[in-house]
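# Remarks on the overall topology
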Amino acid sequence: MAAVLCCYAFLGDFVLLYPVYALLFSDAGLSSWEISSLFALWSATGVVLEVPSGAWADAVSRRLLLAVGPLLTAAGFALWVLLPSYGAFALGFLLWGAGGALGSGALEALVHDELGRLGAAERYAHVMGRVRAAGLVGVVAAMGLAGPVFSLGGYPAVGAGSVLVCLLAALTATRLPEGRTPAPSEESWVATLRAGLAQVRAERSVRGALLLVPAVGAVWGALDEYTPLLVRGTGVSDGTVPYLLLLIWAGATAGGLLSGPCARLGRTGLAALLAGAAVALAFGAALRTPAGLVLVALAFGGFQLATVLADARLQARIDDARRATLTSVASLGTDLSTVAVYGAYAAVSSASSHATAFVWAALPYLVTALFVRARG
(Lines give C-alpha, C1' and ligand atoms only; values in the text may rest on other atoms or scores of the structure.)
Protein backbone atom coordinates (compact mmCIF):
# COMPACT_ATOMS: atom_id res chain seq x y z
CA MET A 1 0.00 0.00 0.00
CA ALA A 2 2.75 2.46 0.91
CA ALA A 3 4.55 1.81 -2.38
CA VAL A 4 1.40 2.47 -4.43
CA LEU A 5 0.61 5.56 -2.37
CA CYS A 6 4.10 6.97 -2.92
CA CYS A 7 3.84 6.27 -6.65
CA TYR A 8 0.44 7.99 -6.76
CA ALA A 9 1.75 11.02 -4.87
CA PHE A 10 4.86 11.22 -7.05
CA LEU A 11 2.87 11.14 -10.29
CA GLY A 12 0.31 13.59 -8.96
CA ASP A 13 3.04 16.18 -8.43
CA PHE A 14 5.41 15.25 -11.26
CA VAL A 15 3.90 18.06 -13.32
CA LEU A 16 6.28 19.90 -15.62
CA LEU A 17 3.96 22.91 -15.67
CA TYR A 18 4.44 23.53 -11.93
CA PRO A 19 7.64 25.59 -12.13
CA VAL A 20 6.56 27.59 -15.17
CA TYR A 21 2.79 28.09 -15.10
CA ALA A 22 3.07 31.40 -13.23
CA LEU A 23 5.45 32.45 -16.01
CA LEU A 24 2.92 31.18 -18.60
CA PHE A 25 0.27 33.45 -17.10
CA SER A 26 2.66 36.39 -17.05
CA ASP A 27 3.80 35.79 -20.63
CA ALA A 28 0.14 35.65 -21.71
CA GLY A 29 -0.16 39.26 -20.52
CA LEU A 30 -1.83 38.75 -17.14
CA SER A 31 -1.16 41.25 -14.35
CA SER A 32 -0.33 40.36 -10.74
CA TRP A 33 -3.95 40.97 -9.78
CA GLU A 34 -5.22 38.73 -12.58
CA ILE A 35 -2.78 35.96 -11.62
CA SER A 36 -3.84 36.23 -7.98
CA SER A 37 -7.50 36.15 -9.03
CA LEU A 38 -6.84 32.82 -10.78
CA PHE A 39 -5.27 31.41 -7.63
CA ALA A 40 -8.24 32.71 -5.63
CA LEU A 41 -10.66 31.06 -8.08
CA TRP A 42 -8.74 27.82 -7.65
CA SER A 43 -9.13 28.02 -3.88
CA ALA A 44 -12.77 29.14 -4.14
CA THR A 45 -13.53 25.99 -6.12
CA GLY A 46 -12.13 23.98 -3.24
CA VAL A 47 -14.20 26.03 -0.78
CA VAL A 48 -17.40 25.11 -2.60
CA LEU A 49 -16.59 21.44 -3.18
CA GLU A 50 -14.33 20.56 -0.24
CA VAL A 51 -16.81 19.48 2.43
CA PRO A 52 -19.40 17.87 0.09
CA SER A 53 -16.65 15.86 -1.61
CA GLY A 54 -15.32 14.77 1.79
CA ALA A 55 -18.74 13.59 2.91
CA TRP A 56 -19.13 11.89 -0.45
CA ALA A 57 -15.84 10.07 0.14
CA ASP A 58 -17.26 8.69 3.39
CA ALA A 59 -20.33 7.43 1.52
CA VAL A 60 -18.78 6.04 -1.70
CA SER A 61 -15.50 4.51 -2.81
CA ARG A 62 -12.56 6.69 -1.82
CA ARG A 63 -10.38 4.89 -4.35
CA LEU A 64 -12.77 5.90 -7.15
CA LEU A 65 -12.56 9.57 -6.22
CA LEU A 66 -8.76 9.38 -6.10
CA ALA A 67 -8.80 8.04 -9.67
CA VAL A 68 -11.23 10.61 -11.09
CA GLY A 69 -9.46 13.64 -9.62
CA PRO A 70 -6.31 13.47 -11.81
CA LEU A 71 -8.46 13.09 -14.94
CA LEU A 72 -10.09 16.46 -14.26
CA THR A 73 -6.70 18.02 -13.61
CA ALA A 74 -5.36 16.65 -16.91
CA ALA A 75 -8.22 18.31 -18.78
CA GLY A 76 -7.43 21.63 -17.12
CA PHE A 77 -3.75 21.50 -18.05
CA ALA A 78 -4.63 20.70 -21.66
CA LEU A 79 -6.81 23.82 -21.82
CA TRP A 80 -4.00 26.04 -20.53
CA VAL A 81 -1.61 25.05 -23.28
CA LEU A 82 -4.07 24.79 -26.16
CA LEU A 83 -5.93 28.05 -25.42
CA PRO A 84 -3.63 30.33 -23.38
CA SER A 85 -6.01 33.07 -22.23
CA TYR A 86 -7.55 34.26 -18.99
CA GLY A 87 -10.79 32.35 -19.65
CA ALA A 88 -8.97 29.08 -20.37
CA PHE A 89 -6.74 29.54 -17.34
CA ALA A 90 -9.83 30.12 -15.17
CA LEU A 91 -11.62 27.04 -16.50
CA GLY A 92 -8.46 24.99 -16.03
CA PHE A 93 -8.26 26.06 -12.40
CA LEU A 94 -11.92 25.12 -11.91
CA LEU A 95 -11.18 21.62 -13.19
CA TRP A 96 -8.00 21.38 -11.13
CA GLY A 97 -9.83 22.59 -8.04
CA ALA A 98 -12.57 20.02 -8.54
CA GLY A 99 -10.01 17.25 -9.00
CA GLY A 100 -8.15 18.30 -5.87
CA ALA A 101 -11.36 18.45 -3.84
CA LEU A 102 -12.21 14.86 -4.81
CA GLY A 103 -8.90 13.65 -3.40
CA SER A 104 -8.76 15.92 -0.35
CA GLY A 105 -9.93 13.99 2.67
CA ALA A 106 -10.37 10.80 0.66
CA LEU A 107 -6.62 10.10 0.60
CA GLU A 108 -6.03 10.70 4.31
CA ALA A 109 -9.11 8.69 5.26
CA LEU A 110 -8.17 5.76 3.03
CA VAL A 111 -4.62 5.65 4.43
CA HIS A 112 -5.70 5.85 8.07
CA ASP A 113 -8.45 3.26 7.71
CA GLU A 114 -6.23 0.80 5.85
CA LEU A 115 -3.49 1.20 8.46
CA GLY A 116 -6.10 0.68 11.18
CA ARG A 117 -7.31 -2.47 9.44
CA LEU A 118 -3.72 -3.73 9.55
CA GLY A 119 -3.32 -2.76 13.21
CA ALA A 120 -0.79 -0.01 12.40
CA ALA A 121 -2.76 3.22 12.84
CA GLU A 122 0.05 4.68 14.96
CA ARG A 123 2.25 4.73 11.85
CA TYR A 124 0.00 7.23 10.07
CA ALA A 125 2.37 10.21 10.46
CA HIS A 126 5.31 8.08 9.30
CA VAL A 127 3.49 6.82 6.19
CA MET A 128 1.94 10.17 5.30
CA GLY A 129 5.27 11.89 5.77
CA ARG A 130 6.77 9.56 3.18
CA VAL A 131 3.77 10.02 0.88
CA ARG A 132 4.08 13.82 1.11
CA ALA A 133 7.82 13.50 0.56
CA ALA A 134 7.20 11.37 -2.54
CA GLY A 135 4.93 14.10 -3.86
CA LEU A 136 7.61 16.68 -3.25
CA VAL A 137 10.19 14.48 -4.96
CA GLY A 138 7.80 14.58 -7.91
CA VAL A 139 7.81 18.38 -7.72
CA VAL A 140 11.62 18.43 -7.53
CA ALA A 141 11.94 16.01 -10.45
CA ALA A 142 9.53 18.12 -12.49
CA MET A 143 11.57 21.22 -11.73
CA GLY A 144 14.72 19.45 -12.84
CA LEU A 145 13.18 18.37 -16.14
CA ALA A 146 11.09 21.47 -16.81
CA GLY A 147 14.07 23.52 -17.94
CA PRO A 148 15.35 21.12 -20.62
CA VAL A 149 11.83 20.21 -21.80
CA PHE A 150 10.84 23.88 -21.94
CA SER A 151 14.00 24.68 -23.91
CA LEU A 152 13.16 21.95 -26.42
CA GLY A 153 9.43 22.46 -26.88
CA GLY A 154 8.23 25.44 -24.85
CA TYR A 155 4.87 25.46 -23.09
CA PRO A 156 3.27 22.83 -25.40
CA ALA A 157 5.94 20.28 -24.42
CA VAL A 158 5.66 20.81 -20.66
CA GLY A 159 1.86 20.81 -21.00
CA ALA A 160 1.79 17.47 -22.82
CA GLY A 161 4.05 15.91 -20.20
CA SER A 162 1.81 17.23 -17.42
CA VAL A 163 -1.32 15.72 -18.97
CA LEU A 164 0.43 12.35 -19.37
CA VAL A 165 1.49 12.05 -15.72
CA CYS A 166 -2.03 12.94 -14.55
CA LEU A 167 -3.39 10.07 -16.62
CA LEU A 168 -0.79 7.74 -15.10
CA ALA A 169 -1.76 8.93 -11.60
CA ALA A 170 -5.41 8.05 -12.29
CA LEU A 171 -4.34 4.58 -13.39
CA THR A 172 -2.20 4.11 -10.28
CA ALA A 173 -5.11 5.04 -8.01
CA THR A 174 -6.99 1.97 -9.20
CA ARG A 175 -4.28 -0.17 -7.53
CA LEU A 176 -4.87 1.26 -4.06
CA PRO A 177 -6.39 -1.12 -1.48
CA GLU A 178 -9.78 -0.34 0.04
CA GLY A 179 -11.14 -2.75 2.59
CA ARG A 180 -14.17 -0.72 3.72
CA THR A 181 -17.69 -1.09 2.36
CA PRO A 182 -19.09 2.38 1.58
CA ALA A 183 -22.70 3.27 2.35
CA PRO A 184 -24.63 3.42 -0.91
CA SER A 185 -27.55 5.72 -0.21
CA GLU A 186 -27.85 9.51 -0.51
CA GLU A 187 -29.19 9.66 3.05
CA SER A 188 -25.87 8.28 4.28
CA TRP A 189 -24.03 11.14 2.52
CA VAL A 190 -26.14 13.77 4.29
CA ALA A 191 -26.09 11.95 7.62
CA THR A 192 -22.31 11.63 7.50
CA LEU A 193 -21.90 15.35 6.91
CA ARG A 194 -24.23 16.27 9.77
CA ALA A 195 -22.60 13.81 12.17
CA GLY A 196 -19.14 15.10 11.33
CA LEU A 197 -20.10 18.72 11.97
CA ALA A 198 -21.80 17.68 15.21
CA GLN A 199 -18.53 16.12 16.41
CA VAL A 200 -16.68 19.37 15.72
CA ARG A 201 -19.22 21.33 17.76
CA ALA A 202 -19.22 18.85 20.63
CA GLU A 203 -15.50 18.10 21.12
CA ARG A 204 -13.03 20.85 21.96
CA SER A 205 -9.99 18.72 21.12
CA VAL A 206 -11.36 18.10 17.62
CA ARG A 207 -11.97 21.83 17.11
CA GLY A 208 -8.43 22.66 18.19
CA ALA A 209 -6.86 20.04 15.94
CA LEU A 210 -9.08 21.12 13.06
CA LEU A 211 -8.08 24.80 13.42
CA LEU A 212 -4.39 23.96 13.56
CA VAL A 213 -4.45 22.44 10.05
CA PRO A 214 -5.27 25.68 8.17
CA ALA A 215 -3.18 27.76 10.56
CA VAL A 216 -0.13 25.74 9.54
CA GLY A 217 -0.84 24.91 5.91
CA ALA A 218 -2.58 27.92 4.36
CA VAL A 219 0.15 30.55 4.10
CA TRP A 220 3.03 28.48 2.81
CA GLY A 221 0.62 26.61 0.54
CA ALA A 222 -0.26 29.95 -1.07
CA LEU A 223 3.37 31.09 -1.23
CA ASP A 224 4.12 27.92 -3.19
CA GLU A 225 2.42 29.49 -6.21
CA TYR A 226 4.64 32.56 -6.10
CA THR A 227 8.03 30.92 -5.56
CA PRO A 228 8.95 31.13 -9.29
CA LEU A 229 8.36 34.89 -9.14
CA LEU A 230 10.41 35.16 -5.93
CA VAL A 231 13.28 33.30 -7.59
CA ARG A 232 13.06 35.41 -10.74
CA GLY A 233 13.25 38.49 -8.50
CA THR A 234 16.74 37.48 -7.38
CA GLY A 235 18.01 38.47 -10.83
CA VAL A 236 18.47 35.04 -12.44
CA SER A 237 17.32 34.13 -15.96
CA ASP A 238 14.04 32.32 -16.60
CA GLY A 239 15.94 29.20 -17.63
CA THR A 240 17.61 29.10 -14.21
CA VAL A 241 14.35 29.44 -12.24
CA PRO A 242 13.42 25.72 -12.23
CA TYR A 243 16.89 24.75 -10.96
CA LEU A 244 16.77 27.15 -8.01
CA LEU A 245 13.25 25.97 -7.20
CA LEU A 246 14.81 22.52 -6.76
CA LEU A 247 16.55 23.86 -3.67
CA ILE A 248 13.33 25.08 -2.08
CA TRP A 249 11.47 21.84 -2.69
CA ALA A 250 14.40 19.72 -1.56
CA GLY A 251 13.98 21.44 1.81
CA ALA A 252 10.24 20.71 1.83
CA THR A 253 10.93 17.05 0.94
CA ALA A 254 13.32 16.72 3.87
CA GLY A 255 10.62 18.10 6.16
CA GLY A 256 8.21 15.40 5.03
CA LEU A 257 10.74 12.64 5.66
CA LEU A 258 11.30 13.92 9.20
CA SER A 259 7.64 13.52 10.14
CA GLY A 260 8.11 9.95 11.34
CA PRO A 261 10.94 10.68 13.82
CA CYS A 262 9.17 13.89 14.90
CA ALA A 263 5.69 12.35 15.24
CA ARG A 264 5.70 12.82 19.04
CA LEU A 265 6.84 16.45 18.94
CA GLY A 266 5.11 18.27 21.78
CA ARG A 267 3.58 21.70 22.13
CA THR A 268 6.83 23.52 22.80
CA GLY A 269 8.61 21.72 20.00
CA LEU A 270 5.89 22.48 17.47
CA ALA A 271 5.83 26.15 18.48
CA ALA A 272 9.62 26.36 18.13
CA LEU A 273 9.43 24.68 14.73
CA LEU A 274 6.89 27.21 13.45
CA ALA A 275 8.76 30.20 14.86
CA GLY A 276 12.10 29.04 13.47
CA ALA A 277 10.64 28.44 10.01
CA ALA A 278 8.99 31.87 10.05
CA VAL A 279 12.28 33.61 10.88
CA ALA A 280 14.09 31.66 8.15
CA LEU A 281 11.42 32.61 5.61
CA ALA A 282 11.57 36.31 6.47
CA PHE A 283 15.37 36.59 6.40
CA GLY A 284 15.73 34.41 3.29
CA ALA A 285 13.26 36.44 1.27
CA ALA A 286 14.64 39.77 2.52
CA LEU A 287 18.12 38.95 1.17
CA ARG A 288 16.77 38.93 -2.43
CA THR A 289 19.68 36.81 -3.60
CA PRO A 290 19.99 33.18 -4.72
CA ALA A 291 21.87 32.48 -1.46
CA GLY A 292 18.83 33.62 0.53
CA LEU A 293 16.82 30.81 -1.04
CA VAL A 294 18.67 28.38 1.23
CA LEU A 295 16.82 29.90 4.20
CA VAL A 296 13.55 29.80 2.26
CA ALA A 297 14.20 26.08 1.65
CA LEU A 298 14.72 25.51 5.39
CA ALA A 299 11.49 27.38 6.10
CA PHE A 300 9.50 25.26 3.65
CA GLY A 301 10.95 22.13 5.24
CA GLY A 302 9.73 23.28 8.65
CA PHE A 303 6.29 24.15 7.32
CA GLN A 304 5.95 20.79 5.55
CA LEU A 305 6.86 18.92 8.74
CA ALA A 306 4.39 20.99 10.77
CA THR A 307 1.65 20.36 8.19
CA VAL A 308 2.03 16.57 8.41
CA LEU A 309 2.09 16.69 12.22
CA ALA A 310 -1.05 18.85 12.33
CA ASP A 311 -2.85 16.39 10.06
CA ALA A 312 -1.76 13.45 12.22
CA ARG A 313 -3.13 15.17 15.35
CA LEU A 314 -6.47 15.66 13.62
CA GLN A 315 -6.67 12.05 12.39
CA ALA A 316 -6.02 10.77 15.92
CA ARG A 317 -9.08 12.63 17.23
CA ILE A 318 -11.82 11.78 14.72
CA ASP A 319 -13.96 8.70 14.08
CA ASP A 320 -13.41 6.40 11.11
CA ALA A 321 -16.96 6.87 9.80
CA ARG A 322 -16.49 10.65 9.52
CA ARG A 323 -12.79 10.78 8.76
CA ALA A 324 -12.93 12.09 5.19
CA THR A 325 -15.68 14.56 6.12
CA LEU A 326 -13.77 16.23 8.95
CA THR A 327 -10.50 16.15 7.04
CA SER A 328 -12.30 18.04 4.28
CA VAL A 329 -13.67 20.51 6.82
CA ALA A 330 -10.08 21.22 7.85
CA SER A 331 -9.12 21.58 4.19
CA LEU A 332 -12.02 23.99 3.75
CA GLY A 333 -10.50 26.17 6.44
CA THR A 334 -7.20 25.99 4.59
CA ASP A 335 -8.85 27.00 1.32
CA LEU A 336 -10.62 29.98 2.88
CA SER A 337 -7.41 31.14 4.52
CA THR A 338 -5.51 30.65 1.28
CA VAL A 339 -7.92 32.94 -0.60
CA ALA A 340 -7.22 35.64 1.98
CA VAL A 341 -3.49 35.10 1.57
CA TYR A 342 -3.76 35.49 -2.21
CA GLY A 343 -5.50 38.83 -1.79
CA ALA A 344 -3.01 40.07 0.79
CA TYR A 345 -0.09 38.89 -1.32
CA ALA A 346 -1.39 40.72 -4.41
CA ALA A 347 -1.81 43.94 -2.41
CA VAL A 348 1.68 43.81 -0.88
CA SER A 349 3.53 42.63 -3.99
CA SER A 350 1.82 45.21 -6.22
CA ALA A 351 2.84 48.01 -3.85
CA SER A 352 6.38 46.74 -3.23
CA SER A 353 7.88 43.43 -4.41
CA HIS A 354 7.48 39.67 -4.20
CA ALA A 355 10.32 39.48 -1.65
CA THR A 356 8.53 41.93 0.65
CA ALA A 357 5.32 39.90 0.40
CA PHE A 358 7.22 36.76 1.47
CA VAL A 359 8.67 38.62 4.46
CA TRP A 360 5.22 39.72 5.64
CA ALA A 361 3.90 36.17 5.15
CA ALA A 362 6.13 35.01 8.01
CA LEU A 363 4.12 37.01 10.56
CA PRO A 364 1.07 34.67 10.80
CA TYR A 365 3.38 31.78 11.69
CA LEU A 366 4.88 33.71 14.59
CA VAL A 367 1.35 34.36 15.87
CA THR A 368 0.41 30.68 15.46
CA ALA A 369 3.56 29.64 17.32
CA LEU A 370 2.59 31.87 20.25
CA PHE A 371 -0.91 30.38 20.40
CA VAL A 372 0.41 26.81 20.20
CA ARG A 373 2.88 27.48 23.00
CA ALA A 374 0.34 29.25 25.21
CA ARG A 375 -2.77 27.14 24.61
CA GLY A 376 -1.64 23.92 23.01
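Look above for the structure.
### Digging into the overall build of the chain
Of the regular secondary structure elements, the chain holds 16 helices and zero strands. A compact globule built from 376 residues would reach a C-alpha radius of gyration of about 21 Å, and the chain, at 19 Å, matches this within 12%. When each of the 376 residues of the chain is scored for burial, the buried share is 54%. Taking all contacts inside the chain whose residues are at least 6 apart in sequence as the whole, residues at least 24 apart take part in 84%. Carbon and sulfur atoms provide 68% of the accessible area of the chain, an area that totals close to 14,800 Å². Between the mean site of the 22 positive side-chain charges and the mean site of the 20 negative ones, the chain shows a separation of 10 Å.

### Here we look at the side chain of Asp311
For Asp311, the position within the fold is in helix H13 (residues 293–315). Buried within the structure, Asp311 lacks any salt-bridge partner; Arg132 is the closest side chain of opposite charge, at an N-O distance of 4.8 Å. When residues no more than four places from it in sequence are discounted, the contact partners of Asp311 are Glu108, Tyr124 and Val213.

### Details of empty space enclosed by the protein
Empty space left among the atoms is revealed by rolling a probe the size of a water molecule over them. This structure, assessed with the given rule, holds two cavities of 30 Å³ or more. Taken as a whole, the second largest cavity spans an internal volume of roughly 40 Å³. At the level of secondary structure, the elements contributing two or more residues to the lining of the second largest cavity comprise helix H3 (32–59) and helix H14 (323–351). Looking at side-chain class alone, the lining of the second largest cavity contains five nonpolar, four polar and no charged residues.

### Things to note about the layout of surface pockets
By volume, the second largest pocket is sized at about 330 Å³. What lines the second largest pocket is a set of 13 residues, and nearest its centre among them are Glu122, Ala125, Ala263, Ala312 and Ala316. Every element with two or more residues in the lining of the second largest pocket is listed here: helix H7 (124–173) and H13. Per-element accounting of the lining of the second largest pocket gives the leading share, four residues, to H13.

### A closer look at the nonpolar core
Ranked by size, the top nonpolar core spans 92 residues in total, and within it Phe25, Trp80 and Trp249 carry the most contacts. Sequence-distant contacts of Trp249, that is, excluding residues within four places in its chain, are made with Leu136, Val139, Val140, Met143, Trp220, Asp224, Thr227 and Phe300. Within the second largest apolar cluster, 27 residues are counted, among which are Leu5, Ala9, Met128 and Ala312.

### Some remarks on the packing of H7 against H13
The geometry of H7 relative to H13 is characterised by a closest axis approach of 10 Å and an angle of 140° between their N-to-C directions. One way to sum up the angle between H7 and H13 is to call them oblique. The interaxial crossing formed by H7 with H13 has right-handed handedness. In this structure, H7 uses Tyr124, Ala125, Gly129, Arg132 and Leu136 to contact H13, whose residues at the interface are Gln304, Val308, Asp311, Ala312 and Gln315. A class-by-class count of the residues in the contact of H7 with H13 yields five nonpolar, three polar and two charged.

### Focus on the packing of helix H4 (residues 62–82) against helix H5 (residues 86–103)
Running from amino to carboxyl end, H4 crosses H5 at an angle of 170°, the nearest separation of the two axes being 7 Å. Relative to H5, the element H4 lies roughly antiparallel. For the pair H4 and H5, the contacting residues are Leu65, Leu66, Val68, Gly69, Leu72, Thr73, Ala75, Gly76, Phe77, Leu79 and Trp80 in the first and Ala88, Phe89, Leu91, Gly92, Phe93, Leu95, Trp96, Ala98, Gly99, Leu102 and Gly103 in the second. In the contact of H4 with H5, the residues fall into 16 nonpolar, six polar and no charged.

### Here's the deal with a nonpolar patch on the surface
Taken together, the side chains of Val279, Phe283, Trp360, Leu363, Leu366, Val367 and Phe371 make up a nonpolar region of the molecular surface, amounting to roughly 720 Å² of accessible area. If you list the elements that add at least two residues to the nonpolar patch, you get helix H12 (267–287) and helix H16 (363–375). Top element by residues in the nonpolar patch is H16. It accounts for four residues.

### Looking at the environment of Arg130
Mapped onto the secondary structure, Arg130 falls in helix H7. When the C-alpha positions of Arg130 and Arg117 are compared, they lie 20 Å apart, and in sequence the two are 13 residues distant. Those residues in contact with Arg130, other than ones at most four positions away along the chain, are Cys6, Gly256 and Leu257.

Calculation notes
Residues numbered from 1 in each chain as written. Predicted model: local features only at pLDDT ≥ 70, side-chain atom pairs only at ≥ 80, totals over all residues. Heavy atoms only, no water. Helix = DSSP H or I, 4+ residues; strand = E, 2+ residues; numbered from the N terminus. Rg over C-alpha atoms; globule rule 2.2 N^0.38 Å. Buried < 20%, exposed > 50% of the residue type's maximum accessible area, 1.4 Å probe, protein only. Contact = heavy atoms within 4.5 Å. Areas by Shrake-Rupley, 256 points an atom, 1.4 Å probe, with all protein chains shown as cover. Lys, Arg positive; Asp, Glu negative; His and termini not counted. Charge placed at Lys NZ, Arg CZ, Asp CG, Glu CD. Salt bridge = Lys/Arg side-chain N within 4 Å of Asp/Glu carboxyl O. 1 Å grid on protein atoms, 1.4 Å probe; cavity = no way out; pocket = protein on both sides within 12 Å on 5 of 7 lines; lining within 4 Å. Points joined across faces, edges and corners; volume = space filled by probe spheres on them. Nonpolar A, V, L, I, M, F, W, Y, C, P; charged D, E, K, R; others polar. Core = buried A, V, L, I, M, F, W, Y, C linked by side-chain atoms within 4.5 Å. Axes fitted to C-alpha atoms, helices over the stretch in contact; angles between N-to-C directions. Parallel < 35°, antiparallel > 145°, perpendicular 65-115°, else oblique. Left-handed = near helix turned anticlockwise from the far one by under 90°. Patch = residues over 30% accessible without salt bridge, like charges linked within 9 Å, V, L, I, M, F, W, Y side chains within 5 Å.

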